[in-house]
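# Topology and contacts: notes
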Amino acid sequence: MFKFFSASNIYSFIQKLIKFINSIFFLILIIGLTFALVLSPPDYIQGDSVRIMYVHVPSAWLGLASFSVITLLSILNFIFKIKNFYFINKSIAPIGLLFTSLAIVTGSLWGQPTWGTWWAWDARLTSMLILMLFYVFYILSFKLINNEETTIKVSSIIAIVGSINIPIIKYSVDWWNTLHQPASIKISGSSSIHSAMLVPLLLMLLVFLLYAALIFLMKYKTEIIRIKKKNIKRI
Amino acid sequence: MIADFLSMNGYGLYVWASFSAVMISCAVVYFRTKKTLKKYEQEFLAELQALTLEEKSKVIENSKIAQQILATSTKSN
């Protein structure tokens, strides 16, 4: 069982997974885009601008999910000192930053026709901007600190402090009066979104998940090679 | 019909700008990540080639990852 998790087995598994995702990605992307841009109906109030939801919502979900994973692994790394979690976090952080930035940009593009403004210092928008800043600080800790032990400590502290912002983002629309609408999709309880819009949204979420997995695997593979390169130098 | 599809009832600018921003950013990140990975693979191979024959065979014998990188580079060449 533990032999499966050896670096060489993980490396070989990553290579196979990258090939698999590459082979199915474009097909799922085309299906997702067809549903999002052609087959899904316009909203009765927002019209066709609702289609922005199909890129905005998955971006926001992935931005939040990435930071939650980073926090969890940082806590586990703090307790159990498993260095692999640090490399996983290092590979996830740029993906999280990308999707959080995209959620803010696409949200702004959706806000202009819907609310009449590109930006408002609203609780949801501001807390998302704070999340983006935490990602920036987290990534900067890798770039600016040379000592690996110090980097692990500093980045873990940033992740744990930043995690306070996650429930604030989630519940900001319930706690404060905001321009942003409340959640339409709930894991527990009934969702208020019609299946004609839910299906394209889930398809686009799958596309985003596959893309995130692909980038993560390539970045993690790069980290493994970087470590092996260091080991060669020791010979 | 194509003009209607592109205009999206007046929301075309916002919809296409959103989808384009996502597509372009994701494509840039994908190609940059791929380029970095290739760069590290090449550097790893170069350092492997710089070793003496004895050291090289020792590394290849002990590291399955080195074997796999070597195999991938031979295939792509």
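If you're wondering where the values come from, they're calculated on a predicted model, not measured in any experiment. (Residues numbered from 1 in each chain as written. Chains lettered and ligands numbered in written order. Predicted model: local features only at pLDDT ≥ 70, side-chain atom pairs only at ≥ 80, totals over all residues. Heavy atoms only, no water.)

### A short note on the packing of aromatic side chains
All names here are of chain A. All told, the structure shown has 15 aromatic pairs over all chains when counted by the stated rule. Ring geometry for phenylalanine 67 against tyrosine 135: centres 5.1 Å apart, planes inclined by 90°, an arrangement best described as edge-to-face. With a gap of 68 residues between them, phenylalanine 67 in helix H2 (residues 53–80) and tyrosine 135 in helix H4 (residues 123–144) connect regions that are remote in the sequence. Summarising the aromatic geometry, the rings of tryptophan 119 and tryptophan 121 are spaced 5.4 Å apart at their centres and angled 80° between planes, so their arrangement reads as edge-to-face. (Phe/Tyr/Trp six-rings, centres within 6.5 Å; stacked < 30°, edge-to-face > 60°. Helix = DSSP H or I, 4+ residues; strand = E, 2+ residues; numbered from the N terminus.)

### Remarks on the packing of H4(A) against helix H6 (residues 165–175) of chain A
All names here are of chain A. Two numbers describe how H4 lies on H6: the axes approach to 8 Å, and their chain directions differ by 160°. Taken together, the axis directions place H4 and H6 in an arrangement best described as roughly antiparallel. Relative to H6, H4 is oriented so that their crossing is left-handed. Of the residues in H6, those touching H4 at Ala123, Arg124, Ser127, Met128, Ile130 and Leu131 are Asn165, Ile166, Ile168, Ile169, Lys170, Ser172 and Val173. Residue composition of the contact of H4 with H6, by class: eight nonpolar, three polar and two charged. (Axes fitted to C-alpha atoms, helices over the stretch in contact; angles between N-to-C directions. Parallel < 35°, antiparallel > 145°, perpendicular 65-115°, else oblique. Left-handed = near helix turned anticlockwise from the far one by under 90°. Contact = heavy atoms within 4.5 Å. Nonpolar A, V, L, I, M, F, W, Y, C, P; charged D, E, K, R; others polar.)

### Regarding the environment of A:Leu140
Residue and element names in this part refer to chain A. Relative to the elements of secondary structure, leucine 140 occurs in helix H4. Residue class for leucine 140 comes out partly exposed when judged on its relative accessible area of 36%. Leucine 140 sits 15 residues away from serine 155 along the chain, and the two C-alpha atoms are 8.9 Å apart. (Buried < 20%, exposed > 50% of the residue type's maximum accessible area, 1.4 Å probe, protein only.)

Shape is all these values report; function is a separate question.
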